[in-house]
Amino acid sequence: MHAEELSALVAGGLRASAWGRKKACAEALAAMATAAGESLCPHAPGLAAVLVPEATAGRLWDGKEALLAALGALCCACSGALAADPGVPQLVAALLAAAGRRKTVYRAAALRALKQLLDALGDAAAKGAPVTGADAAYAEVAPPLLAAVEAHVTAPPAKPAGSGGNGSSTSERAGEGDDGLPPPMPLAESLGCLAAAWRIAPLAVRAESGAALFGALGSVLVRPGTPWASWLAAAGAADEVLKASAGLGGGGAQLQWLAPLLRGLVHALTHSTVSQVGRRLDWVRDDMSRARR
Amino acid sequence: MTCLGPAGKAVSCRCPSGTPLLSPPCRAITLQLRGRLLEVISRALDAAQAAAGGATGPALVGALEAAEPAAVAAAADKAEGAGGEEAMEVDMRPLGPLLQAGLKSVVDHEPAAALKTAAAASLKRLGAL
């Protein structure tokens, strides 16, 4: 009912010079997009015209990720309107650029927003209403995200973390900024985006790219020292990719793709018990020898 | 984070990365992770069966192994690239025996009945039960 007035107010707040006001307006916009859904769509292009540059360009400040969350919520509610203006390639490029910046929470928020966009495009395609520009999304997101996964997989194995953390991979924490190179994009979020993009990839693109994607998923699962959260993320992504491939017109999966994935899955299945028991026994043995001394 | 407990109910859990999955706060995560892995293995076997023209049992295992030589080499290279002693943890047996051993260890040693059943169902499809 008051969508136009509210959108104008929020857009004004997003342009404000005070970070706190920008953040509050972004949170309000995320709540509006979630509550209003499609009724916000006539105003979505105007809001995106303000939000995209505010969220993805300029200097990073504490709480800026709230703008990315608002963009993700807007993409989720109004993917069709945003595909018309500013367009899927522009949104994908802006979010990927944000995901390549240095601050971990900001990068993760950019990839979560990208996943929301890709999921919304996938849902539209599943309902038989494909969105213009969506079919090119996989080709845009796959190269940087597969490179990020590769960087995590080839990083030196994790040292057991004695402190904190909630399951993020070690290479997300280690080396952040200390070698002058930006760290790879977060693993779990990268895998989630790849799986979401696979849902809207055309069959010809799937046929060309399947080996790389399944190989990447398998290599995360088979990597020694992978944290449980990364295993869970890879298993979830594999599940989504397999479901999309098995669906009507999904194109299926080739045996050559499935073999490395199955090898990774069974490795994680085995090592979530046996190696853990071994480590536990080592600890008990250490405790006993310390007590003897 | 919310995990699924033994009865399939959501339970709160906190399991910092690097904490052994068998330590008390991580049991719910172990169950959730292994349940998910078994679910995806079953889905991957569905896909393999479709790709192998509906083959089951030894024929399905044979088709997967025939498709694998290049994948084994790539995985070995990658494991070597990761370096260190832990690279030895990667099991380079052919895929058939590897799958059967992994699933059989769940059937034989897993306390959770639902996981045992899921593993047994996949083993049966591979003709090993």
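Residues numbered from 1 in each chain as written. Chains lettered and ligands numbered in written order. Predicted model: local features only at pLDDT ≥ 70, side-chain atom pairs only at ≥ 80, totals over all residues. Heavy atoms only, no water.

### Details of the nonpolar core
Residues and elements named next belong to chain A.
Phase 1: The biggest cluster of nonpolar side chains holds 125 residues, and the ones touching the most others in it are Leu-14, Leu-114, Leu-191, Phe-214 and Leu-258.
Phase 2: The element that contributes the greatest number of residues to this core is helix 12 (residues 228-246), accounting for twelve residues.
Phase 3: Discounting residues that sit within four places of it in the chain, Leu-114 has contacts with Val-92, Leu-95, Leu-96, Val-141 and Cys-193. (Core = buried A, V, L, I, M, F, W, Y, C linked by side-chain atoms within 4.5 Å. Buried < 20%, exposed > 50% of the residue type's maximum accessible area, 1.4 Å probe, protein only. Helix = DSSP H or I, 4+ residues; strand = E, 2+ residues; numbered from the N terminus. Contact = heavy atoms within 4.5 Å.)

### Examining the confidence of the model for chain A
Phase 1: Per-residue confidence for chain A averages 87 on the pLDDT scale, and 87% of its residues sit at or above 70.
Phase 2: In the predicted structure, residues 160-178 of chain A sits below a pLDDT of 50 and forms 34 contacts with residues beyond four places in sequence or in another chain. (pLDDT = per-residue confidence, 0-100.)

### Details of the pattern of salt bridges
Phase 1: In total, this model carries 16 salt bridges over all chains according to the counting rule given.
Phase 2: Measuring nitrogen to oxygen at the nearest pair gives 2.9 Å for the salt bridge that ties Lys115(A) to Asp119(A). Here Lys115(A) and its partner Asp119(A) are both found in helix 7 (residues 104-126), four residues apart, which amounts to about one turn of the helix.
Phase 3: What emerges from the salt-bridge pattern is a single network uniting Asp239(A), Lys243(A), Arg36(B), Glu39(B) and Arg43(B). (Salt bridge = Lys/Arg side-chain N within 4 Å of Asp/Glu carboxyl O.)

### Notes on the environment of Val241(A)
Residue and element names in this part refer to chain A.
Phase 1: Tracing the backbone through its elements, the reader meets Val-241 in helix 12.
Phase 2: Since its relative accessible area comes to 1%, Val-241 is described here as buried.
Phase 3: C-alpha separation for the pair Val-241 and Gly-210, spaced 31 residues apart in sequence, amounts to 9.7 Å.
Phase 4: The residues contacting Val-241, other than those within four sequence positions of it, are Ala-195, Trp-198, Leu-213, Phe-214 and Leu-217.

### Regarding the packing of aromatic side chains
Residue and element names in this part refer to chain A.
Phase 1: Counted under the stated rule, the structure contains five aromatic pairs over all chains.
Phase 2: Between Trp-198 and Trp-257, the aromatic rings sit 6.3 Å apart at their centres with planes inclined by 85°, giving edge-to-face as the arrangement. You can see Trp-198 sitting in helix 10 (residues 187-199) and its partner Trp-257 sitting in helix 13 (residues 255-271), a full 59 residues away along the chain. Grouping residues by exposure puts Trp-198 and Trp-257 together as buried.
Phase 3: Here the aromatic rings of Phe-214 and Trp-257 are separated by 5.4 Å at their centres, their planes lie at 40°, and the arrangement is tilted. Within this pair, whereas Phe-214 is found in helix 11 (residues 203-222), its partner Trp-257 is found in helix 13, the two being separated by 43 residues in sequence. (Phe/Tyr/Trp six-rings, centres within 6.5 Å; stacked < 30°, edge-to-face > 60°.)

### Brief notes about the side chain of Thr226(A)
Residues and elements named next belong to chain A.
Phase 1: With respect to the element layout, Thr-226 can be found in the loop between helix 11 and helix 12.
Phase 2: In this structure the side chain of Thr-226 is engaged in a polar contact, spanning 3.2 Å, whose partner is the backbone oxygen of Val-220.
Phase 3: Within the structure, Thr-226 has its side chain in polar contact with the backbone oxygen of Arg-223 (distance 2.7 Å).
Phase 4: When sequence neighbours within four positions are dropped, the list of residues in contact with Thr-226 reads Val-220 and Trp-231. (Polar contact = N/O pair within 3.5 Å; in protein donor to acceptor, adjacent residues only side chain to side chain.)

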